[in-house]
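Breakdown of the fold
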Amino acid sequence: MSLFFWNLEELFLKQQVASSPPGRTMALPFYQRSHQHYDLSYRNKDLRTTMSHYQQEKKRSAIYTHGSTAYSSRSSAAHRQESEAFSQASAASYQQQAAQAYSLGASQYSRGSEVSRKTASAYDYGYSHGRTDSSLLLEDYSSKLSPQIKRAKRSLLSGEETENLPGNYMVPIYSGRQVHISGIRDTEEERIKEAAAYIAQRTLLASEEAITASKQATASKQSKVSKQATSSLQREETFEKKSRNVVIREKAEELSLRKTLEETQAYHGKLNEDHLLHAPEFIIKPRSHTVWENENVKLHCSVAGWPEPRLTWYKNQVPINVHANPGKYIIESRYGMHTLEINKCDFEDTAQYRASAMNVQGELSAYASVVVKRYKGELDETHFRAGASMPLSFAVTPYGYASKFEIHFDDKFDVSFGREGETMSLGCRVVITPEIKHFQPEVQWYRNGAPVSPSKWVETHWSGDRATLTFSHLNKEDEGLYTIRVRMGEYYEQYSAYVFVRDADAEIEGAPAAPLDVVSLDATKDYIIISWKQPAVDGGSPILGYFIDKCEVGTDSWSQCNDTPVKFARFPVTGLIEGRSYIFRVRAVNKTGIGLPSRVSEPVAALDPAEKARLKSRPSAPWTGQIIVTEEEPTEGVIPGPPTDLSVTEATRSYVVLSWKPPGQRGHEGIMYFVEKCDVGTENWQRVNTELPVKSPRFALFDLVEGKSYRFRVRCSNSAGVGEPSEATEVTVVGDKLDIPKAPGKIIPSRNTDTSVVVSWEESKDAKELVGYYIESSVVGSGKWEPCNNNPVKGSRFTCHGLATGQSYIFRVRAVNAAGLSDYSQDSEAIEVKAAIGGGVSPDVWLQLSDAPAGLTDSRGGVNGASPPTSQKDALLSSKPNKSSPPSSPSSPGQAEVSKVSESVQEELSPPPQKAAPKEQSKSESPKKKKDPVAAPSPPYDIACLESFRDSMVLGWKQPDTTGGAEITGYYVNYREVIGGVPGKWREANIKAVSDAAYKISNLKENTVYQFQVSAMNIAGLGAPSAVSECFKCEEWTIAVPGPPHSLKLSEVRKNSLVLQWKPPVYSGRTPVTGYFVDLKEASAKDDQWRGLNEAALGNTYLRVQGLKEGVSYVFRVRAINQAGVGKPSELAGPVVAETRPGTKEVVVNVDDDGVISLNYECDQMTPKSEFVWSKDYVPTEDSPRLEVESKGNKTKMTFKDLGMDDLGTYSCDVTDTDGIASSYLIDEEEMKRLLALSQEHKFPTVPTKSELAVEILEKGQVRFWMQAEKLSGNAKVNYIFNEKEIFEGPKYKMHIDRNTGVIEMFMEKLQDEDEGTYTFQIQDGKATGHSTLVLIGDVYKKLQKEAEFQRQEWIRKQGPHFAEYLSWEVTGECNVLLKCKVANIKKETHIVWYKDEREISVDEKHDFKDGICTLLITEFSKKDAGFYEVILKDDRGKDKSRLKLVDEAFQELMTEVCRKIALSATDLKIQSTAEGIRLYSFVTYYLDDLKVNWSHNGTGIKYTDRVKSGVTGEQIWLQINEPTPNDKGKYVMELFDGKTGHQKTVDLSGQAFDEAFAEFQRLKQAAIAEKNRARVLGGLPDVVTIQEGKALNLTCNVWGDPTPEVSWLKNEKPLASDDHCSLKFEAGKTAFFTISGVSTADSGKYGLVVKNKYGSETSDFTVSVFIPEEEARKGASEPQKGNHKSK
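How each quantity is defined
- Residue indices begin from 1 for each chain and proceed along its sequence in written order.
- Predicted model: local features are reported for residues with pLDDT of at least 70 only, side-chain atom pairs are reported and counted for 80 or more only, and whole-chain, interface and lining totals are derived from all residues.
- Values shown for side chains rest on all heavy atoms present in the structure; no hydrogens or waters enter the calculation.
- To qualify as a helix, a DSSP run of H or I must reach at least 4 residues; to qualify as a strand, a run of E must reach at least 2; elements of each kind are numbered from the N terminus.
- Here's how the labels work: a residue is buried when its accessible area is under 20% of the maximum for its type, exposed when over 50%, partly exposed in between, all with a 1.4 Å probe on protein chains only.
- Methods summary: accessible areas were calculated by the Shrake-Rupley approach with a probe of 1.4 Å, and residue burial reflects only the protein chains presented.
- Nonpolar side chains (Val, Leu, Ile, Met, Phe, Trp, Tyr) within 5 Å and like charges within 9 Å form the patches, drawn only from residues with over 30% relative accessible area and no salt bridge.
- Take a side-chain nitrogen of Lys or Arg and a carboxyl oxygen of Asp or Glu: if they are within 4 Å of each other, that pair is a salt bridge.
- The span expected for a helix works out to 1.5 Å for each residue beyond the first.
- Only strands joined by at least two bridges in the DSSP assignment are considered to pair.
- Among the buried residues, those of types Ala, Val, Leu, Ile, Met, Phe, Trp, Tyr and Cys that are joined through side-chain atoms within 4.5 Å form a nonpolar core.
- Should any heavy atoms of two residues lie within 4.5 Å, those residues are counted as being in contact.
- Axis lines are fitted through C-alpha atoms, for helices just across the contact stretch, and the angle between N-to-C directions can take any value from 0 to 180 degrees.
- When two rings of Phe, Tyr or Trp (its six-membered ring) have centres within 6.5 Å they constitute a pair, described as stacked for plane angles under 30 degrees, edge-to-face for angles over 60, and tilted for the intermediate range.
- Placement of a positive charge over a ring is assigned whenever Lys NZ or Arg CZ falls within 6 Å of the ring centre and within 35 degrees of the normal to the ring plane.
- Under this rule, positive means Lys or Arg and negative means Asp or Glu; His and the chain ends count for nothing.
- By convention, charge coordinates are those of NZ in Lys, CZ in Arg, CG in Asp, or CD in Glu.

Describing the overall build of the protein chain
When helices and strands are tallied, the protein chain shows 20 helices and 100 strands. Relative to its full complement of 1688 residues, the protein chain shows a buried share of 45%. Total accessible area on the protein chain is roughly 87,200 Å²; 49% of this is exposed by carbon and sulfur atoms.

This is the structure in structure tokens:
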């Protein structure tokens, strides 16, 4: 049955695999195939499980192939019965069937397991997605083992997305239900696979009975025994059939039940989403990658959590901003899969990347490393035949072939002196031999060991043979030791000199100097803590304090932050605007005045650090000043709980800083805080921030009484209310917790050069947060002190330069920290300034005396200042040699001393010979030391009894402190009996010298007391004996605990660490020693102050002690432990001072051009008998098959033959016959991988590039593709590829290569549609290769094509008259609108025409193109002037036009500017009195309705009524106040709003101004009343009346007046009375009548009507002329005669 089962299974497999995609296997990188340990790291537990399954399947297949125990899957009983039946059956009959069965089964069985697994996977996916077709995921798995891990399933991404993924990387996709995730648990996965296999083969079960019947018929023809065996097999198969049905049914029911349970849980979870909240969890963590340069890499991760976590990517703990590097990074999140794609990786992308997931429940991070491989050199293949070996003595460097480079410095800068504000330049000429053309050295400047980066203060320049460092504006921060390091390949030299910066001249004589190093220590939303260093010069009187100034970035307005000076050199600045950036400066003040300000700090944003990271990690949009809250709104308010961990982090006399943690119960919304204080002894809690709550979990309190005690507590608040208070802090006394340091001691000056003195001192005791020291000098007898340094120096030694030769000086030192400056030390002894013997102290000697001899000049190019501590990771990435640099401190406990990494090793290990020095002498030995003769060693000390027997004792002791200049050859021990306290005669214990520091003395008397002494011997003779030991009693030790360890050794002593080694105790006690405990204390401390360094017993006999205080002396002891307990402590080791000795060098790891990894060490303090001893984990590595050691001169190298997992550990190198000189290097798994990757990079180089392939548009629309390599040889070749096809130079493409600059170019005249695609430049330069690719498809290509066409049209346009600047508008000072444009390439015949709304505008003046500006002036611009304006340039060469849209938003913008100009033209408000009241008015150039006018009175808007009115008359804007009252007094403001901004004019109508205006109003009002009511003639009387004699004259006149006026008449200025001839009447007080019944000539004359009342009078005159007709006729007749007479 099984035979047919596998045949049918194969058919099923072929049907499923036919439609599935071909399988992909993840190939191992090439550098992992050659190293077995990489296979081990890739093959994790899951992969090894898969391998074991695979091997089991192969074994089963082998069983079927060889025909033995073919049915191994059956029960053991069936196998036994079967074997009996087969053995008894006839061979011929059985073999004929067995051969067919076995051959067919063997060919199919090997695929059975694979089909089952693939069917299970298909069923798993199909079930979880509601599908029954399990063929979706089946693929043709080859029998070759795939290195894919067990749980990395096939990706369902599209083909396009799959191409974008890194090679051989599988993206797992999870279905979302736990029971359907393959690989969660092995048992669950096997259960699912078994169920899936049943479904795939369910049709086979129905045919099993027929198969069984066929087998029974065949078996009946055999013997009886065969029948019995066949019947047994039938029963076994029937049993297997039934059990399989039952098992599958049960498992199917279990799956169905679990699915129902999960759906029910999900339903209830949705009803209460709070139950779903959980912190982020990485389902898939990002994987580390190693890629070639210019390749792309993708990091993937998948995160689960509720609410959905927000994921941010970091590079070396800095958030990645995709906008800062467009195209460099692509961050995507799709279907729960987060990806970070790094395009065109370069060497700077080698870093640690972190994916940080965060939601309201917490934050979780996952890390991955990316290593970019880069080629460092090139090899000219023409010099060597293929396969030919290269001579080892001929070094191949990235700069060509050279055995060694010689680097010299000429015209060097010396110790320099400058002043603040001045400029300074340091420089020297660099001579490199041999000279290699086209290659420049790497030049780097350092200040106090830290690299100097170019900035606005400092610039670096390399001219090809001279390096300069220029300071554009010196500051005291620039003072320090400057080093220039020039590197050529793996060789480099350096030179150092000190730069002193003196204070600038004070603006006020006697004012203090400027502080320095203003930095931000902490920044929150509420405050920023600023710190600084106090100046060395106080101006002659003590500094009273400091003022801090702030300035918002983008402005130039400085404001003072504190009203009273602060003495503490730290201060929290408050009153900041959240999210804005500030810069700060500090000024010192004394009784004379305020000094100059310091250099401004770097900009600091008023944001919490977490908020900064969150803002930087949002690549979707730039910073807009808004903080985006992504947390969900709560369904109901939750009052927050109390904060926790409230503490006082800093307390000074000026302020106190509190810090706490947010509460756990806080709801979904943000919370704020209220801080409360309470005087000690009361419960009267007062809220400090009553108006504004605190936003950050830190707060600075001011206005506290110095010396008073307080307690503090904090409450949380949100929209739901204020929560309960936190626990109160401990009692805090307001005052400076940090004490001013004590004065230094023991000032010792020593001669150095003709102008300098070295000053050393004892550091201040118990000084906390020490910043450094200031040194001052004074000529003896002058009484005037001058500062030697203006930047505090650390350490206990400084070189004072600039002294007068032959003068005697005294010195003093003071320490400084944030609390202030200490008292001055005692004055030193006077010293005359002159050179020391031999021309000064050798730099080598000083390197032995101090780790930071500030101010020294190294004439050899060695580093004189200590480099900053370098962590192991930084050292790994820096890839710079540590030829002469002092050692760096380890970054973490238990880590070996780490030095910088050199990427290659010099073949020549011996140093260059020194002048006038014998070859056998070490260059570090001083001349005096070389002349000293060899002396006998000093006495040993600390004799201890290590073990005691009945008749013997084992002694141990410490080696002598000084060996006398020669190796110790042995020890001699003497002993004597002590009876009754009386010592006896000394006896020799050994005749032959013992070499070890321990010896067993035999033939002693039991229970007798002995004393001992030891003498050491060298070639000079026997040294003095040691001090007499304590009394030891010779008796059998029966104690259970072990004896003391012995031979304690201290090595690798640094300023904060050392290595302690010891030997196991001679007496182990009743049981073996199981471990050790190490104790330490300060040498001056009491015995009750021992403290243990390890809680658990150590299994090793060494310990690296970390965390020591520099300059402190320590002693150590070791105790052994067994099952009985802890034994007696060893003798003390030490005392030893924690310090890094001058000249200390570290082990350097190197990788040469051939990829060989080695550890290198150099010692300048060796004696002729010194040797290098290498150890691994402090066990000598002699005869190790994995290592090779080579030593020559004062250098040694240990090479790894095949670096692997077995080589992990701490490697140390000890130098014998020295004062404990040693160094070590830690190689852990991460370091091993880094070194192997670096080795691989050196073996397979690439062509380094300065810039990747880019495209640019030229002036005429031409397209230029270009890239630049760092260097190209004359044999370099380039292939140009477009869409995977090579293109060549022709009419369409023009190629060019500049091998001098490395620029590779390709030009195209025009971009067409068929040019869309991928462009690649492939470089082949010797064995080095490289390529760069540019993808131009989609919108990117269309945009480029559009830009090229635009540039072409622009070029064509500019051939004729054209606009250099298109049409724009400007509002003049007269509030007119000026349209203007700038034209170019014009001539006399060029015409310009203006249009508005396609209608030509006639311009009165002819345009003058002399200045190239054309204008159109629009006066009194208003809405009628809105429209489209166009100007056209044209002549015989062509035309160009420019259009300006002045409608909608554009018109509104212009109107706003016009209104603004009009508002600015408004005159000041003036007061005018009228008869109606008081008028306030202002004149503008002209008025528009768009200019909104608002009036306010005493800050309140005026409501307009009949009494108070506002209006505009012409250009006058007025406010009329009728019938003013005292309530109208006050301040009036006229606001003119231009649409964006309000412009105000103010007038004060109160006091005298109001009184005068009101009095004038009263006067005008009375005058108006009088004018209104006075008597007047309204009309009716003519001016002249001509009437014929005899006629009647009737005149009527209207008169008005209140009261009714009196009326009188005049004739010829005389009163006229009424009579019969002339009737004068006045009726109704309104009408006057004048009547003459018959006029005569006597009535002719001048008449007047006079009206009069109490308000005034008025006279109306008229003239009456009476004529006679006859006389008129005579006059008319006589007129012609006169005319005729005249004519005659």
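Quick word on the environment of glutamine 440
With respect to the helices and strands, glutamine 440 occurs in the loop between β14 (424–433) and β15 (442–447). Spatially, the C-alpha atoms of glutamine 440 and methionine 488 are 7.8 Å apart, while their sequence positions differ by 48 residues.

Looking at a nonpolar patch on the surface
Side chains of Val680, Val731 and Val733 sit close together on the surface and give an oily, nonpolar patch of about 220 Å² of accessible area. For valine 680, the position within the fold is in the loop between β30 (672–679) and β31 (686–687). According to the relative accessible area criterion, valine 680 is partly exposed, its value standing at 38%.

Observations regarding helix α16 (residues 1229–1243)
Spanning 15 residues, α16 covers 21 Å between terminal C-alpha atoms, matching the ideal 21 Å at 1.5 Å per step. Burial analysis of α16 places 11 of its 15 residues in the buried class, which makes it a mostly covered element.

Some words on the pattern of salt bridges
Applying the stated criterion to the full structure yields 57 salt bridges. In this structure, the salt-bridge partner of glutamate 683 is arginine 711, at a minimum N-O distance of 2.9 Å. Residue glutamate 683 is located in the loop between β30 and β31, and its partner arginine 711 is located in strand β33 (residues 709–718); the two are separated by 28 residues in the primary sequence. Linking glutamate 977 and lysine 1005 is a salt bridge whose minimum nitrogen-to-oxygen distance equals 3.4 Å. Of this pair, glutamate 977 sits in strand β46 (residues 970–979) while lysine 1005 sits in the loop between β49 (998–1001) and β50 (1009–1018), and the two are 28 residues apart along the sequence. A relative accessible area of 14% places glutamate 977 in the buried class. Given a relative accessible area of 47%, lysine 1005 falls into the partly exposed group.

Remarks on the sheet that holds β15
Pairing is mixed across the open sheet formed by five strands, whose spatial order is β13-β20-β19-β15-β16. Of all the strands in the sheet, just β13 (416–419) and β16 (450–451) have a single pairing partner and so form its edges. Note: β15 against strand β19 (residues 480–488), six bridges, orientation antiparallel. In the strand pairing of β19, tryptophan 445 is matched with isoleucine 484.

Focus on the nonpolar core
Ranked by size, the top nonpolar core spans 48 residues in total, and within it Leu1379, Phe1421, Val1458 and Trp1495 carry the most contacts. Sorting elements by how many residues they give to this core places helix α18 (residues 1448–1465) first, with seven residues. Among residues more than four places away in sequence, those in contact with leucine 1379 are Leu1367, Ser1368, Trp1369, Trp1394, Cys1414, Thr1415, Leu1416, Ile1418, Tyr1429, Leu1444 and Leu1446.

Considerations on the sheet that holds strand β81 (residues 1413–1418)
Read from one edge of the open sheet, three strands run β77-β78-β81, paired in antiparallel fashion. The outermost strands of the open sheet, each flanked by one partner alone, are β77 (1362–1371) and β81. Taken over all neighbouring pairs, the strand axes of this sheet differ in orientation by 15° on average, direction set aside. Judged from the six bridges that link them, strand β78 (residues 1377–1384) and β81 form a sheet pairing that is antiparallel. Directly across from valine 1377, in β81, lies its bridge partner isoleucine 1418. Against the sheet, α18 engages β77 and β78, with an angle of about 50° to β77.

A closer look at the environment of aspartate 1436
Within the fold, aspartate 1436 resides in the loop between β82 (1427–1435) and β83 (1438–1446). For aspartate 1436 and threonine 1390, which are 46 residues apart along the polypeptide, the C-alpha to C-alpha distance reads 8.1 Å.

A short note on the pairing of strand β18 (residues 466–471)
Bridge count for β14 against β18 is six bridges, and the pairing is antiparallel. Opposite cysteine 428, over in β18, you have alanine 467 as the bridge partner. In this structure, the hairpin formed by strand β17 (residues 458–462) and β18 is closed by a connection of three residues, where glycine 464 is found at a positive phi of approximately 115°.

Considerations on the packing of aromatic side chains
Overall, the coordinates contain 36 aromatic pairs when judged by the stated rule. Taking 5.6 Å as the distance between ring centres and 85° as the angle between the ring planes, the aromatic pair formed by tyrosine 498 and phenylalanine 798 counts as edge-to-face. Taken together, the residues span a long stretch of sequence, with tyrosine 498 in strand β20 (residues 491–502) and phenylalanine 798 in strand β40 (residues 797–800) at a distance of 300 residues. Chaining the aromatic ring pairs together yields one cluster made of Phe409, Phe413, Trp445 and Tyr495. Positioned above the aromatic ring of tryptophan 785, the side-chain terminus of arginine 812 is 4.1 Å from the ring centre. We note lysine 1081 situated over the ring of tryptophan 1090; from NZ or CZ to the ring centre the distance is 5.4 Å.

Thoughts on unusual backbone geometry
With the exception of glycine, the majority of residues adopt a negative phi angle, and the majority of peptide bonds are in the trans configuration. Note the cis peptide between glycine 1134 and proline 1135, where omega equals 5°. Cis geometry marks the peptide bond from aspartate 1602 to proline 1603, where omega comes out at 5°. Within the secondary structure, proline 1603 is located in the loop between β94 (1593–1600) and β95 (1606–1611). In this structure, asparagine 1007 takes a positive phi of about 60° despite not being glycine. Look at glutamate 1420: it is not a glycine, yet its phi comes out positive at around 45°. Examined against the element boundaries, glutamate 1420 turns out to sit in the loop between β81 and β82.

Things to note about a negative patch on the surface
Judged by side-chain charge, Asp951, Glu1006, Glu1035 and Glu1036 come together as a negatively charged surface patch. Considering the arrangement of structural elements, one finds aspartate 951 in the loop between β44 (941–948) and β45 (953–958). On the basis of relative accessible area, aspartate 951 is assigned to the partly exposed category, the value being 41%.

Here we look at α18
For α18, built from 18 residues, the straight-helix expectation of 26 Å at 1.5 Å per residue is met to within 8% by its first-to-last C-alpha distance of 26 Å. Along α18, the residues that are buried comprise Phe1451, Leu1454, Met1455, Thr1456, Val1458, Cys1459, Ile1462 and Ala1463. Buried residues along α18 sit against β77, β78, β83, β90 (1530–1537) and β91 (1542–1549).

Concerning the pairing of strand β65 (residues 1187–1192)
Looking at chain direction, β65 and strand β66 (residues 1195–1200) are connected through six bridges and run antiparallel. Bridging from a neighbouring strand, serine 1191 pairs with threonine 1196 of β66. Adjacent in sequence and paired antiparallel, β65 and β66 are bridged by two residues, among which glycine 1193 carries a positive phi angle near 65°.

Describing the side chain of aspartate 1490
Its place among the elements puts aspartate 1490 in the loop between β85 (1477–1483) and β86 (1492–1497). The buried charged residue aspartate 1490 lacks any salt bridge partner; its closest oppositely charged side chain belongs to lysine 1423, at an N-O distance of 4.3 Å. Apart from the residues lying within four places of it in its own chain, the contact partners of aspartate 1490 are Lys1423, Met1455, Cys1459 and Phe1537.

Such coordinate-based values are descriptive only and should not be taken to indicate function.
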